[in-house]
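Per-entry structural report
What follows is the residue order along each chain.
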Amino acid sequence: MALSGIQIYKMLPQTNCKECGFPTCLAFAMKLAAKQVELAACPYVSEESKAKLAESATPPIRLVTLKSDGFEVKAGNEVVLFRHEKTFYNKPGIFIKVRADASPEEIKAQVTAAGAYTTNYVGLELFLDGFAVEASGDAQAFASAVQAVRGASHKPLILISRDPAVMAAGLDALDGEVPLVYAADPGNWEAMADLAKQHKAALAVSASTLEELADLTEKIKAKGVEDLVLDPDSQSLSSSVVQQTQIRRLALKKNFKALGYPSIAFPTDEASAAQAIAKYAGFIVLDHFAPELAYPLLVLRQNIYTDPQKPIQVQPGLYEINNPKAEDPLLVTTNFSITYFSVANEVEGSGLPAWLMVADAEGMSVLTAWAAGKFDAERIAKAVKTFNVADKVSRKRIVIPGHVAVLSGELEGELPGWEIRVGPREAVDLPSFMKQAL
Amino acid sequence: MPIEFVKDKWPGKVRSITIGATAADGGTRSTTVTVGGEKSLPFMHSDSEIPYRPVVAVEIKDRFPEDWSALLAETWGEVMKDPAEWAKAAEGVGADMIVLALSATDKDGAPTTPAGAVAAVKSVLAATGLPLAVFGPGQAELDNALLVAVAEATKGERLVLGLCEDKNYRTIVATAMANDHLVSARTPMDVNLAKQLNILISDMGFPLERILMDPTTGALGYGIEYGFSAMERLRLAALQGDNMTQLPMIVTPGFEAWKTKESKVGSGVPESWGDWKERSINWETLTAVALLEAGADILVLRHPESVRRVKAAIADLMAPVELA
C-alpha cells in the first residue's frame, strides 16, 4: 500500500542535509509520497528503509513506456477501477497491425496512411500511436518489414513473433528505441527475456490463465526484465472483462506485484475494441487501419480518459465567427468544450457570420448546465453585460439553444428590450435555422 | 501460482423487471423480456451469476421521421411509413422488444391525437408479439394526453410508458398504475436526480418493481463520459444497498448517436472521419457497448447492423468464464 508523507518521513535519516535538493527531509518525504521524486536522491537512507520504501513507492501498476525517435507511448500507473473515483491517467496506445508477408510497397502505403492520420475533436488533434509488425515466420522477411515500417513512420513499434530467432532479427533492425516484444510464453520465455534485456525492450507476457501469467512474470522479473505487459489471451468479451478487472483489482486492492503491469488487447471487432478502452487495456492492437473506426475509437478513448474533475472547457466570452458585423446574429451557448466546438464548427461551416456568446456554465453542456442551475436567464444576462455585447451588436436579438426554450420568458425579464429567439436543439441544425429564420 | 481472486460480494441487488404480458398474465404478447437481477458489476461472472442478459430494443416511429438520418431511411425503406410493418421488420432484424416513439404531429402537421396514437400502438401490438414501450413526443401536455389514451386502450399489456421526468411524471405514473403498465423515468446524467425521481414516483404508491430508469447518456463524443460515470455510480449505489437505485437501466444510444453530426451528415465533413455509413454504425455501436460496460440493461437502437453487432457483443459478454 502507498505510504503517507509522514510515514515515509519516519524512515528517512531526518538530518535535513538538503543533498536531495529539498530543504528538509519532510519536504522530500512529501514529494516521495506524491511520487514526484525517486528515493535514490537521498544518499543516506538505510538499506532497511530502502527496501520498505521501494516496496511501497512502486506504483501498483507499473508504468511501461515505449519509445522511438520523437515519440512515446505510456501505459500503466493507473490507481482506480472507476474513472469517477479519480481519473484514468494513461490513454491506451492504439497500434495498427502490419503483416510482414505484405510487400514493402503495401507496408509503406499502409503505414504512411495510418502514421499520418490525425483527426480534430473539440480542438484536440487525435492520432494513432504506432504499429505492431507481425512476423510470418521468416527472420529476414521480418527484419525487412520492420525496416519498411521505419521507412514510412517513426512511431513506436510492437514486434510480434513467438520465435526468438525471428524476434532477434526484428530487434536488430531497430536502433536506440524501446519497442514492445510480443510475446514471451511458457515455451519461449527465457530466450525472449534475454532478448528484451539485451535490447532494453519492454516484454509482453502471454499465458492462458492469470495464474500461469503471474508465474511467468515472476520468473522473467527474476531475470532482470521489469517492463512487462500482460496478455491474458482472453477468448471472449466476458473473459476479457473478468480477467482485466481481476488484474486491476489484484494490483490495486491486494498490491499483487506479479500482475501489477499494464495489459495488451487484440480486439477482433468494434465491440471488443470499445471494451478494451472502457475496461483497462494499456495497449490496443487493431487488425487494420480504417478511419471510420479509428475516429470513433480515438474519441471514445478521449472521453473515457477525460479527468472527471476537470471537464474540458473553453474561455467564456464573445467569439467572432466568419468576421461578423454589428448587424449579424448573436447566438449563445455554454463553455463546455464539446458544446462550444459543436456550435462553432456548424456556424463556421455554414459560412454565415455570427457572434457566439459563450456563457460561463462551469464547463457543462446546455442541458446538464440548465439542470444544475448553471445556465439560466440570470447567467445569460450577466454574460451579455460582462462581455459588453450591446456595444458590439446593433440588433438586440439573442438566439438561445432549443433545449432551454423554457428560459425565454425569464430572459426577456432579465434583458429588457431584447428579442429572445429559440434556436434548434442540436448544433447540426443551426446552419439551416440561420438561413431560414435569422 | 495459485491466486486468491478478488471477488466482490455486495449487499444489494438490482430488481428483476418483466416487460410485456402474455395471455396467461392478462396481455397479448407472445414473449416477454426480463432484465435486472444483477448482484455484481456488469459481466463480472467471477463475482456472481448474471441472471439476465441485457436486451436490445429497436426504436420505431408512428410515422415517417423526416429528421432521421438518410442512412436509416435507406436501410429501413418503405416500412418506415407504417409502424406495424416497421415493428415486424425490427423483429426480423433481432429486436428483443420495440420502442414506439410517438411524433408530436401527424404527416400533415396537425398535432397527434390520442385516437391516432392508440391506433398506431394497436397496430404495432397486432403486428408483433414482442414487448413494447411507448414514449410520448416529449411535450408534457401532449405526452399526458396520448399516453393516458394508450395506457387505457392496452390495459394489462405491461407496456413501458415514458418518459417520466421530474417536471412531468404524475399523470403517466397514475395511468400506468391504473392500467398495469410500467414506466421509464428519465433524469439528466446525475445520480441524485435519478434517485430523487424514483422516490417521487414510488411516493405515489407506484411499485419500484415497475420502474426502469433512464439516466440519459449522451453520445460518444458528446458527453458519454458523464453518462458512463453516472451509470457506474448508480449501479454501485444499487449494489451497496440503496433501494431507490436498484432499478434496471434503459438507455437510448440509437437516439443519442444518430443525432450527432458524425452520423447525420455524409458530405462536407473531414476526410479523417472515414466512410459515412460504417462510421455511423460504429458511432451507435461504440456508444452502446460503452454503456453496456457501465451497466445498461436495455439498449434502444436504430440501425439493423448496430442491432446485430450489439447483440453479438451481448452474447459474447454472457459467455461463461473459467477464471482459474
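Up top you'll find the structure we're talking about.
What you are looking at is a predicted structure, and each value in this text was computed from that prediction instead of being measured.

Moving on, we get to the overall build of chain A. Along chain A, the regular secondary structure elements total 17 helices and 17 strands. Viewed in the frame of its principal axes, chain A has a C-alpha envelope of about 80 × 65 × 40 Å. Looking at chain A as a whole, 50% of its 438 residues are labelled buried. Across chain A, the fraction of contacts at a sequence separation of at least 24, relative to all contacts at a separation of at least 6, is 65%.

Further remarks concern the overall build of chain B. A tally of helices and strands in chain B yields 11 helices and 10 strands. Relative to a compact globule of 324 residues, whose C-alpha radius of gyration would be 20 Å, chain B shows 19 Å and is just as compact. For the C-alpha atoms alone, the extent of chain B along its principal axes is close to 70 × 55 × 35 Å. Taking as baseline every contact in chain B between residues at least 6 positions apart, the subset at least 24 positions apart corresponds to 69%.

Quick look at the sheet that holds strand β17 (residues 419-422) of chain A now. All names here are of chain A. If you walk across this open sheet you meet the five strands as β13-β15-β14-β16-β17, and the pairing is mixed. A single partner strand is all that each edge strand has here, and the edge strands are β13 (317-321) and β17. Direction aside, the axes of adjacent strands within the sheet are offset by 30° on average.

What follows is about unusual backbone geometry. Residue Ala183 of chain A follows Tyr182 of chain A across a cis peptide bond; omega there is 5°. Among the structural elements, Ala183 of chain A can be located in strand β8 (residues 180-184). A cis amide bond links Gly162 of chain B with the next residue in sequence, Leu163 of chain B, at an omega value of 0°. Along the polypeptide, Leu163 of chain B turns up in strand β6 (residues 160-164).

The next point concerns the packing of helix α5 (residues 139-152) of chain A against helix α6 (residues 164-172) of chain A. Residue and element names in this part refer to chain A. Contact geometry of α5 with α6 gives a least axis separation of 8 Å together with a crossing angle of 30°. One element, α5, and the other, α6, form an angle in the roughly parallel class. Viewed along their axes, α5 and α6 form a crossing whose handedness is right-handed. Residues Ala139, Gln140, Phe142, Ala143 and Val146 of α5 form the contact with α6, whose own contacting residues are Ala165, Val166, Ala169, Gly170 and Asp172. Of the residues contributing to the contact of α5 with α6, the split by class is seven nonpolar, two polar and one charged.

Turning to the pairing of β17 of chain A, a few remarks are in order. Where strand β16 (residues 397-400) of chain A and β17 of chain A come together, four bridges link them in parallel fashion. Paired with Val399 of chain A across the bridge in β17 of chain A is Arg421 of chain A.

Counting 243 residues, the largest nonpolar core has Val181 and Leu203 of chain A together with Ala57, Ile98 and Leu299 of chain B as the members making the most contacts within it. Each of two domains, domain 2 (64-304) and domain 3 (317-437) of chain A, supplies a minimum of three residues to this core. Setting aside its immediate chain neighbours within four residues, Leu203 of chain A contacts Val181, Ala184, Met192, Ala193, Ala196, Ile220, Val225, Asp227 and Leu228 of chain A. Ile8, Phe28, Ala29 and Leu53 of chain A belong to the second largest nonpolar core, which has 10 residues in total.

Our focus in this paragraph is the packing of helix α10 (residues 276-294) of chain B against helix α11 (residues 304-317) of chain B. Each pair of packed helices gets described by two things: the angle between the helix axes and the distance between those axes. All names here are of chain B. It is at 9 Å that the axes of α10 and α11 come closest, and there the two elements cross at 30°. For the element pair α10 / α11, the angle class is roughly parallel. Seen from above, α10 lies across α11 with right-handed handedness. Of the residues in α11, those touching α10 at Ile281, Glu284, Thr285, Ala288, Val289 and Leu292 are Glu305, Ser306, Arg309, Val310, Ala313, Ile314 and Leu317. In the contact of α10 with α11, the residues fall into eight nonpolar, two polar and three charged.

With that settled, the discussion passes to the interface of chain B and chain A. Interfaces are frequently sized by the accessible area removed from exposure as the parts join. Taken together, the contact pairs 50 residues of chain B with 51 residues of chain A. Elements with a contribution of two residues or more to the side of chain B that touches chain A: α7 (224-239), α9 (261-264), α10 and α11 of chain B. In terms of residue count, α10 of chain B provides more of the side of chain B that touches chain A than any other element does, nine residues in total. Across the side of chain B that touches chain A, the residue classes tally to 28 nonpolar, 10 polar and 12 charged.

Before going further, it helps to examine the sheet that holds strand β11 (residues 264-265) of chain A. All names here are of chain A. Read from one edge of the open sheet, eight strands run β10-β9-β8-β7-β6-β3-β12-β11, paired in parallel fashion. Each edge of the sheet is formed by a strand with only one pairing partner; in this case those strands are β10 (228-231) and β11. In the sheet, β8 pairs with strand β9 (residues 202-206) via four bridges, with the strands oriented parallel. The residue bridging Ala184 from the neighbouring strand is Val205, located in β9.

What follows deals with the environment of Met30 of chain A. As for its placement among the helices and strands, Met30 of chain A is situated in helix α2 (residues 25-33). A C-alpha to C-alpha distance of 7.9 Å links Met30 of chain A and Tyr9 of chain A, two positions 21 residues apart in sequence.

On to the pairing of strand β6 (residues 130-134) of chain A. Residues and elements named next belong to chain A. The buried count for β6 comes to five of five residues, which makes it a mostly enclosed element. Residues Gly130, Ala132 and Glu134 of β6 are buried on one face, and the alternating residues Phe131 and Val133, pointing to the opposite face, are buried as well. Of the pairings in the sheet, the one linking β6 to strand β7 (residues 157-160) comprises four bridges and is parallel in character. Bridge assignment links Phe131 to a residue of β7, and that residue is Leu157. For the crossover from β6 across α5 to β7, the handedness is right-handed.

Rules behind the numbers
- Residues numbered from 1 in each chain as written.
- Chains lettered and ligands numbered in written order.
- Predicted model: local features only at pLDDT ≥ 70, side-chain atom pairs only at ≥ 80, totals over all residues.
- Helix = DSSP H or I, 4+ residues; strand = E, 2+ residues; numbered from the N terminus.
- Buried ≥ 20, exposed ≤ 12 C-beta atoms within 10 Å, placed from the backbone.
- Contact = placed C-beta atoms within 7 Å.
- Rg over C-alpha atoms; globule rule 2.2 N^0.38 Å.
- Pairing = 2+ DSSP bridges.
- Axes fitted to C-alpha atoms, helices over the stretch in contact; angles between N-to-C directions.
- Parallel < 35°, antiparallel > 145°, perpendicular 65-115°, else oblique.
- Left-handed = near helix turned anticlockwise from the far one by under 90°.
- Nonpolar A, V, L, I, M, F, W, Y, C, P; charged D, E, K, R; others polar.
- Core = buried A, V, L, I, M, F, W, Y, C linked by C-beta atoms within 7 Å.
- Domains from an automatic or database assignment.
- Right-handed = clockwise from strand over helix to strand, strands pointing away.

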